[in-house]
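Each chain, letter by letter, is given below.
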Amino acid sequence: MANADLNLPADAASGDDIKSCCAAVYEHAAARILLGDTLHPGGLALTEALGKSLGLHEGSHLLDIASGTGASAIFLAQRFGCRVTGVDYSAQSVDEANGRAANEGLADRVGFRQADAERLPFPDQRFDAVLCECAFCLFPDKTQAASEFARVLRPGGRLALSDVARDGPLPPSLDQLMAWVACIADARPVEDYEGYLRAAGFDIRDATRHDEALGALVDNARLKLLGADVLIGLGKLDMAPGDLAAAKEIAAEARQAITHGQLGYAAIAAAKPA
Ligand SMILES: C[S@@+](CC[C@H](N)C(=O)[O-])C[C@H]1O[C@@H](n2cnc3c(N)ncnc32)[C@H](O)[C@@H]1O
C-alpha cells in the first residue's frame with residue numbers, strides 16, 4: 001500500500017487508482033446531473049460563508065484545491081474580487097474550468113491547472129488562503145495533503161475545509177470503492193480532520209455542522225436516480241446499468257446513515273500561525 005492513511009483493505013486499490021477513479025467520476029456529466037453544478041453540499045451559499053471565513057478581498061490570492069469544474073473558484077473571484085488558482089487531478093475538469101473562467105471574462109485572475117493535492121506544484125508560502133471543499137475525504141494520504149496545504153500557505157494565511165463527516169460505523173455497502181468516490185467510505189469524524197490539520201501546523205478557529213445540506217444533496221440525487229432510467233432512455237444520462245444500481249444503493253444507505261447521525265457535513269476554519 002502506497003499511502004499510510006489509506007483506509008481500504010490492502011488489495012482494494014492503490015492511492016493512484018483511487019485518485020484516477022475519483023477524477024473520472026467527477027468529470028463525467030452524470031456527476032453534474034446528479035449533484036448539480038457545485039459538487040458539494042450547501043452549494044454556493046456555503047462556499048460564500050467559507051469565503052468570508054477566509055477573509056478574502058481584492059488583494060488576496062486563493063488556492064482552491066480539488067476545484068472540479070471551477071464553480072466555487074469563479075464564484076469567489078466574482079464575489080470577493082480576489083485572484084484564484086484552482087487545481088484538480090482531472091485534466092478534463094481543469095480544461096472545462098479554464099473555459100468557464102474565460103467565458104466569464106476572468107481569465108486574468110482565475111486559472112486552473114492539473115495537479116495532485118498531495119504534491120502541489122507551487123513554492124512555499126505562495127497563497128494567502130486555501131480552500132478545499134468536499135475533497136479531503138478523497139485523498140488517500142491525508143497527512144501529506146494537509147502538510148501541502150500548510151506549505152503553500154503564507155504565515156497568518158487561512159484555510160477553509162468542508163467535508164463529509166462520519167460519526168460512527170457505516171454499513172459494509174458504504175465501505176467500497178464507489179462509496180469512497182462518493183465521499184463516504186473514507187470520510188472521518190470532524191475531530192480526525194482537525195487532527196490532520198493540527199499535525200500540519202494549523203490552529204483550528206471554528207468548526208460548524210451542515211448535516212442538513214448533505215441530507216438535501218442526497219435526497220435530490222436520489223430523486224434524480226429514480227428518474228435516471230428515463231434519462232438514460234432519452235440519451236440525456238450516460239450511465240451503465242451496474243453503476244446506476246450501485247449509485248441507487250449507496251444513496252439509499254447514505255440517506256439512512258444521515259438519518260441515524262452516522263454521516264453529516266462539516267466546515268472547519270483554520271489558520272497558519274503568523
Ligand atoms: C466532490 S468533487 C468537489 C469539487 C469542488 N471542490 C466542488 O466543491 O465543487 C471532488 C473533486 O476532487 C478531485 N480530486 C480527487 N482526488 C484529487 C487529488 N488527489 N488531487 C486533486 N484533486 C482531486 C476530483 O477530480 C473532483 O473534481
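Residues numbered from 1 in each chain as written. Predicted model: local features only at pLDDT ≥ 70, side-chain atom pairs only at ≥ 80, totals over all residues. Heavy atoms only, no water.

(A) Molecular detail of the site of the ligand. Taken together, 19 residues lie around the ligand, and H40, A66, D88, A117 and E133 are the ones closest in. Within the backbone of A66, one N or O atom sits 2.6 Å away from a nitrogen atom of the ligand. Note that a nitrogen atom of the ligand is positioned 3.1 Å from one of the backbone N or O atoms of Y89. About the coverage of the ligand: the protein hides 99% of its 600 Å² of free accessible area. For the shell around the ligand, the leading source of residues is helix 1 (residues 15-27), giving four residues. (Near = heavy atom within 4 Å. Polar contact = N/O pair within 3.5 Å; in protein donor to acceptor, adjacent residues only side chain to side chain. Areas by Shrake-Rupley, 256 points an atom, 1.4 Å probe, with all protein chains shown as cover. Helix = DSSP H or I, 4+ residues; strand = E, 2+ residues; numbered from the N terminus.)

(B) Looking closely at the environment of C137. You can see C137 is positioned in the loop between strand 4 (127-133) and helix 6 (142-152). Judged by its relative accessible area of 1%, C137 is buried. Spatially, the C-alpha atoms of C137 and D186 are 5.6 Å apart, while their sequence positions differ by 49 residues. (Buried < 20%, exposed > 50% of the residue type's maximum accessible area, 1.4 Å probe, protein only.)

(C) Layout of the pairing of strand 2 (residues 83-88). Within strand 2, five of the six residues are buried, leaving the element largely enclosed by the surrounding structure. Both strand 1 (residues 61-65) and strand 2 contribute to a ladder of five bridges, which runs parallel. Its bridge partner lying in strand 2, I65 is registered against V87. Crossover connection from strand 1 via helix 4 (residues 71-80) to parallel strand 2: handedness right-handed. Where strand 2 meets strand 3 (residues 110-114), five bridges bridge the pair, whose relative direction is parallel. Its bridge partner being in strand 3, V87 is matched across the sheet by R113. Crossover handedness for the path strand 2 to helix 5 (residues 91-103) to strand 3: right-handed. (Pairing = 2+ DSSP bridges. Right-handed = clockwise from strand over helix to strand, strands pointing away.)

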